[in-house]
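# Descriptive analysis of the structure
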Amino acid sequence: MKILIAVKQVAALDEDFEIREDGRDVEAEFLIRDLNEWDDYSLEEAVKIKEASSGPVEVVVVSVAPEEADEALRKCLAKGADRALRIWDDAMEGSDPIAIARVLAAAAKAEAPDMLFAGVQSSDQTFASTGIATAAFLGWPHAAVVSSLDYAPGAKSAVFRRELEGGLLQEVEIQCPAVLTIQLGINTPRYASLRSIKQAAAKPVEVKTLADLKLSAGEVGESGSHSRIRRMYIPDKGQAQLIEGDAAAKARRLAEIIREFKGDAA
Amino acid sequence: MSRTDAVTRILFEAFPTAEVRLFYALGYTAIGIFCWGVYVQIRKYRRGTALALEGSLWSRAGGMVAQVFSHRTVNRRDHAAGGAHRLIFYGFVLLFLGTATITLQYDILEPLFGIRFWQGEFYLIFSLVLDIAGIALLVGLVYMMYRRGWLKLPKLDYARTDRALGDPDFLRPEYRREDWAFLWTLVIIGCTGFLLEAARLVWLHARPDVWDTRWWSPVGAAVAQALEAVGLTAHGGAVLRLSLWWFHGLLALTFIALIPFTKVKHIFTSAASLMVRDPKAAQRLTRIPATQETPGVAKITDFTWKQLLNLDACTKCGRCHEACPARAVGAPLSPRDVILSLREFANAALESGSLPPAAELGVHGKSPGQVSMETLWSCRTCMACVEICPVAVEHVPIIVQMRRKLVEDGDMDPLLTKTLQTIHKTGNSFGESKRKRGSWTKSLPFKVKDARKEPVDLLWFVGDYASFDPRNQKVTQIFATLLHEAGVDFGILYDGESNAGNDVRRVGEEGLYEVLAESNIASLAAATFKSIVTTDPHSYNTILNEYPDFGGKYPIQHYTSLLKQLFMDGNLKVTRPLALKTTFHDPCHLGRFNKGYEAPREVLRLLGCQLIDMKRCRDNSFCCGAGGGRIWIPDPVGSEKPAQNRMREAAAIPGLEVYVVSCPKDLTMFEDALKTTGNEGKFVVKELIELVREAVSAPEIPAVPA
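This section reports on the structure supplied with the text.

Basis of the calculations
- Residues numbered from 1 in each chain as written.
- Chains lettered and ligands numbered in written order.
- Predicted model: local features only at pLDDT ≥ 70, side-chain atom pairs only at ≥ 80, totals over all residues.
- Helix = DSSP H or I, 4+ residues; strand = E, 2+ residues; numbered from the N terminus.
- Rg over C-alpha atoms; globule rule 2.2 N^0.38 Å.
- Buried ≥ 20, exposed ≤ 12 C-beta atoms within 10 Å, placed from the backbone.
- Contact = placed C-beta atoms within 7 Å.
- Pairing = 2+ DSSP bridges.
- Axes fitted to C-alpha atoms, helices over the stretch in contact; angles between N-to-C directions.
- Expected span 1.5 Å × (residues − 1).
- Parallel < 35°, antiparallel > 145°, perpendicular 65-115°, else oblique.
- Left-handed = near helix turned anticlockwise from the far one by under 90°.

## A look at the overall build of chain A
Scanning chain A from terminus to terminus reveals six helices and eleven strands. Computed over its C-alpha atoms, the radius of gyration of chain A comes to 23 Å, more than 25% above the 18 Å expected for a compact globule of 266 residues. Along the three orthogonal principal directions, the C-alpha set of chain A runs to about 80 × 45 × 40 Å. Burial analysis of chain A (266 residues in total) assigns 36% to the buried set. Within chain A, residue pairs in contact and separated by at least 24 positions form 70% of the contacts whose partners lie at least 6 positions apart.

Structure (structure tokens):
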């Protein structure tokens, strides 16, 4: 039995960051990288299923990313994943979530898992579409924002719950294999001690290329994408000020501000 | 030959040969049982892991003998018990030497070489000394009975803080029974000894060499006269003597045979424990050997033989129980019970001929003999227990070893998990960007050197709290200003510095500690400096005591001794003496860990402050509750926090104005506790650095000529 988990190494902003020269992303040196928080939960869910299972279960993590993501993959290995798979080709640069999903789907076909988990979203891009798009490419049933799960590896179906607005819970039965995107809080992710992370550093990360997955360069990267990021910027900040004084003074100041906005002050 | 030269005691006088033989047979049996017991105990310790001791065995033995004979450690913080134990100890030693002397003459020197010395004046002095020893023993024992029976000291209550009523090992009445059996056995042996002596005198009243010298055994003589006064005849004395002889002898032999199986074994285990003491046990934790597959202690056999010996050395004296800040605020931890629990486990699992299967050796949990994670996480690693233990039990390393296993399994508070992940990611516990580590320097009117870029005399290792905590940043800025004004050439590592790792290591996250220590040592290696200073006692401890194991050896001092030096050398001058009524809180890692008791007090005196020490000060200082990673773990709601307990102690000082601290974490903990205990407005919590600032004016800046 096998559970495949799509993971991503996300970037968080450091202090005083700068935007890249092309204006489409933050300068890499100002980014602190870590495993996407949602993926921590989907991995934990898979490891828990594995630990509760009487039969053998293989937990495989997969990421579409350049080499720097190995750190996040090793963290997954430290937390209990059996194998880590990284797929990359320079042609994949600029891929949107749909293109990434196409690659993940190809990897899933090769791995043939019984279940595929992804996080609801990534904390840096928050498109929340990679997991579901992967299901579309695979033609598998799918569900988003799963907050609790009953699944025995090898079972024909799984039962899960989703939280709806207004405090409602929805219980759903789904045919397997399926793609589920996992919500935060579904479990308590375990701590990967530095010792286990160091030990995982010795474990291999399998690297696959486009050719391995029988994909063409045109299916990935900007050419395989349906969207592209035009620019990334910090919006102008609005401002607020507290007007002090008696009613007359406040009114006077307010009138001044209105005139300034209308451009009358000059 | 003068008359007294012939005086002696004839052993087995008037004994049928069969009875003498019987006695020897019983004696050898007792010794045999004793030896078997010793073997079983040693086999138990050998089931622990290997450990090589540092230093020569001779100097260790010398140190142990000095400790045992001076009774220094037994006497600390409980002079009455210390004094009573002294009487028992010296009495027992003399009585043992007395018996050994008789054996030497009767069984060795006389039969082999015909040498006799146990007679005449020597015999008389021998009699006197042993009578005095017997009295000393009895007085000590009676005091111990008084202490247990009437004083009912809380530290001698064996009810456990980490178990509830109804748990099988909550009250442990068997310990109480054993204590009393031990005391009564010795009292009866002592009393029957004197009675026996008296009965012999009555029996041999007619022999002048016996009767005329009777006052050389004054207790026996007095009892003999009393016995005669109530009508005991010489014949009655003979009968009494023979029956008492057997009773006394059999009881003594039974006692000897049982030594290895009862608390009496502490005479050996405590001495051995003192001999293998590690004076840096809590200050310098040990690395995980490369050969060890899983970190920390999961099974009883994962402890070292020395730790298993430590378990047996404990005499349940309760000093650690009394000193523990976690216990004082009702947390489910008593260092004594951790030790006793593990001892019960070791005795049940490791004394039998064959080792039980590994599955039955797990020490984590809530069954009898096991230690729960709630207990382990209650520890502040403040070292109060290790420091006061009279027999060198090293609780803190045992607790941290067990925590290493909990960390590996992720059995810890979610907030602690988060903090460890944060420290791994950012190098500090605040989750701030590395780049912001030196931000506090930005608002200073002078530039703080980057020690990685230019050489400095003094490298200041700032630490997390002093770097990032807004309240502590103010103190940090003042200290930088003082150094600047004193003309000290100093610099910091800026973003090259990470959390020093002291508390991470005490949490039990050894892997992360290694990363932090190695990263800081690499940064330090890239800087040029003569020595290190830090305002953080936690960083001070780990850099001083633990970095050397990772190849980083540096001269380092805590800021209190640097300030003292700057005053002594005249680089800082008190211009506005502070006539404040203060008390000083010894930080665990400065005081107890590294004996830095004097420098802060001297600085306070130099500032003109009046210092009134709290009852719990210096080596008995009461932890603020932040140590051992507890600053990252929330305290249970509704229970008293150690810092609050401490604030109440300080508040009892009449007219106290300033509660002086010298540790960033103390400032945070106590300012909070000052408010939550309702003492705000009564006195204030201040860093010593802040007081120095108040007392030392900034040097006059010469006016720019017009």
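## Structural notes on the sheet that holds strand β6 (residues 581–584) of chain B
Residues and elements named next belong to chain B. The parallel open sheet is built from four strands, whose spatial order is β7-β6-β8-β9. Both edges of this open sheet fall to β7 (610–611) and β9 (684–687), since each of them pairs with a single strand only. Sheet analysis places strand β8 (residues 658–661) next to β9, joined by four bridges and oriented parallel. Looking across to β9, one finds that Val-661 is bridged to Glu-687. Relative to the sheet, helix α27 (residues 664–676) contacts β8 and β9, its axis offset from that of β9 by approximately 170°.

## A few points about helix α6 (residues 247–262) of chain A
All names here are of chain A. Spanning 16 residues, α6 covers 23 Å between terminal C-alpha atoms, matching the ideal 22 Å at 1.5 Å per step. The element α6 is largely exposed, with a buried count of zero among its 16 residues. Phi turns positive one or two residues past the end of α6, at Gly-263, with a value near 90°.

## Some words on unusual backbone geometry
Cis peptide bonds are those with omega within 30 degrees of zero, and the linkage from Cys176(A) to Pro177(A) qualifies with -5°. Its identity is not glycine, yet Arg618(B) carries a phi of approximately 50°, on the positive side. Mapped onto the elements, Arg618(B) comes out in the loop between β7 and α26 (642–651). We classify Arg618(B) as partly exposed; it has 15 C-beta atoms within 10 Å.

## Describing the packing of helix α20 (residues 470–485) of chain B against α27(B)
Residue and element names in this part refer to chain B. Between α20 and α27, whose axes approach to 10 Å, the crossing angle comes to 135°. The angle between the axes of α20 and α27 places the two elements in the oblique class. When you trace α20 past α27, the crossing you get is right-handed. Here α20 contributes Arg-471, Asn-472 and Val-475 to the contact with α27, which in turn contributes Pro-664, Leu-667, Thr-668 and Glu-671.

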